[in-house]
Amino acid sequence: MENYHFDLIVIGAGMSGMTAVITALNQGLRVGIVNTGFGLFVFGSGCIENCQTLHKEAPENFNKAIDLFLENARLAECPFYGSINEIRYLPTIMGGFQAVSFAPFYLWKGNASESIRSAVVGINGVSSFNADYTAERLNYTAKFNDFKTNYVAKEINLSIKPKSVASMLQFANRFDFDSRFYDELQEALKPISREADLIIIPGIFGLRSKFQKIYDFEHELDCNLCELSNIPPSIPGLRLFNVLIAHLRKNGAEFFSGFSVKNLEIKNGHCQTIEVDIPARSLCIDFDSIILATGQFSKSLIGLDFFDVDEWLRPITKSGTVIADNLYAIGDLLRNVGGNDNRHSILTGYRAGMSIVERR
Ligand SMILES: Cc1cc2nc3c(=O)[nH]c(=O)nc-3n(C[C@H](O)[C@H](O)[C@H](O)COP(=O)(O)OP(=O)(O)OC[C@H]3O[C@@H](n4cnc5c(N)ncnc54)[C@H](O)[C@@H]3O)c2cc1C
């Protein structure tokens, strides 16, 4: 039997769980994480949408939550750009625009309202992306919104094994590990970079590559780059997940990834243990506090009585009774009583982490 003790156990590694872990580690707590897989932000890009409303609602907490998240993204070597009062319109793979206040650096330069020549680049043989369609839709949506950017579709050729079905995932993998692929991609994009101010390309710059490598690539090309989030799971989202996990591990967080929590054992108003579904292995995780960050589909773990949360983010029943004094709920789990997007996940992750520190 393996025995562990943590000050805090977080169930879930989405945007809310990650922020709670960051907050607790920053306050010196010993933290463990159990997660079945990656968070929903991997389906998108991890962008943080228009922050102004939420900032008005809870300015102090929101500023601190965002600052802490951004600082850790920077230390993880995946810096975000932007500010609370700024809104940028970034292109999407479906040819629309997403209004964001912050985005990972590899998306940020795609701002649509500037008067620039943008090349939307597809890859010959890759069926999951059609540059003509995306460029045409972007031009249409840009005109509709009075944006000045002009989008032109381009195509490049990259070496693909004969008869293989090429996917962006394969290319992203090669970008991480194969310097010949890096050079090949540079050469293929160079002619386009001479005619365009911005190259927009579906996620290709690695599943684990960090700031310096992508920055060097862009610098050598001498043209701004913006990735598009691919059809899920998106490569920019997977990259963010991988670098954040590596950063949290480096800072002492202990991950039990790939395992599902089946049950919380709550006795006398206290969560005592969790039942983890681990085949052929016996695991005992002891903890002082527990945060549920399992997203919109795993509400049942708290039980049917769950109605709302109190000011510390502890789940309560309809009559206001706290379900367990050491149990907290965050992120999309609260979609009925709050929002469901990355802004709310960061805010509630931070608030729960701080609640635990204050109540110790
Ligand atoms: C396609 C798509 C695009 C989106 N785009 C955006 C966007 O651009 N901007 C934005 O702000 N929001 C966007 N969202 C919403 C945003 O992704 C979510 O609101 C936010 O990421 C939710 O984070 P979370 O941490 O609450 O939950 P989740 O991201 O759902 O994470 C849940 C975590 O819990 C784990 N888990 C679940 N059950 C268990 C269990 N029983 N045991 C152990 N682990 C478990 C999962 O493996 C996962 O790690 C998008 C959502 C989708 C689906």
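The structure under discussion appears in the preceding block.
Computed from a prediction, not measured in an experiment: that's the story for all the values here. (Residues numbered from 1 in each chain as written. Predicted model: local features only at pLDDT ≥ 70, side-chain atom pairs only at ≥ 80, totals over all residues.)

1. Structural notes on the overall build of the protein
Counting its secondary structure elements, the protein contains 10 helices and 17 strands. Taking 21 Å as the expected radius of gyration for a compact globule of 360 residues, we find that the protein reaches 22 Å, a close match to that expectation. With the C-alpha coordinates of the protein rotated into their principal frame, the extents come out at 70 × 45 × 30 Å. Looking at the protein as a whole, 44% of its 360 residues are labelled buried. Taking as baseline every contact in the protein between residues at least 6 positions apart, the subset at least 24 positions apart corresponds to 72%. (Helix = DSSP H or I, 4+ residues; strand = E, 2+ residues; numbered from the N terminus. Rg over C-alpha atoms; globule rule 2.2 N^0.38 Å. Buried ≥ 20, exposed ≤ 12 C-beta atoms within 10 Å, placed from the backbone. Contact = placed C-beta atoms within 7 Å.)

2. Side note on helix α5 (residues 131–144)
Taking 1.5 Å per residue, 14 residues should reach 20 Å; α5 reaches 20 Å between its end C-alpha atoms and fits that length. By the burial criterion, the buried members of α5 are Ala131, Thr134, Ala135, Leu138 and Ala142. One side of α5 holds all its buried residues, which, seen down the axis, span an arc of 95°. Across α5 from its buried face, at more than 90 degrees, point the exposed residues Asp132, Lys143 and Phe144. Looking at the packing, one finds that the buried side of α5 touches β5 (88–91), β7 (117–123) and β8 (150–156). (Expected span 1.5 Å × (residues − 1). Arc of directions from axis to C-beta.)

3. A closer look at the environment of Ser229
Locating Ser229 in the fold gives a position in the loop between β10 (224–228) and α9 (235–250). Among all residues touching Ser229, those that are not within four sequence positions of it are Gly44, Ser45, Ile93, Gly203, Ser234, Pro236 and Gly237.

It is worth stressing that arrangement in space is one thing and function is another; only the former is reported here.
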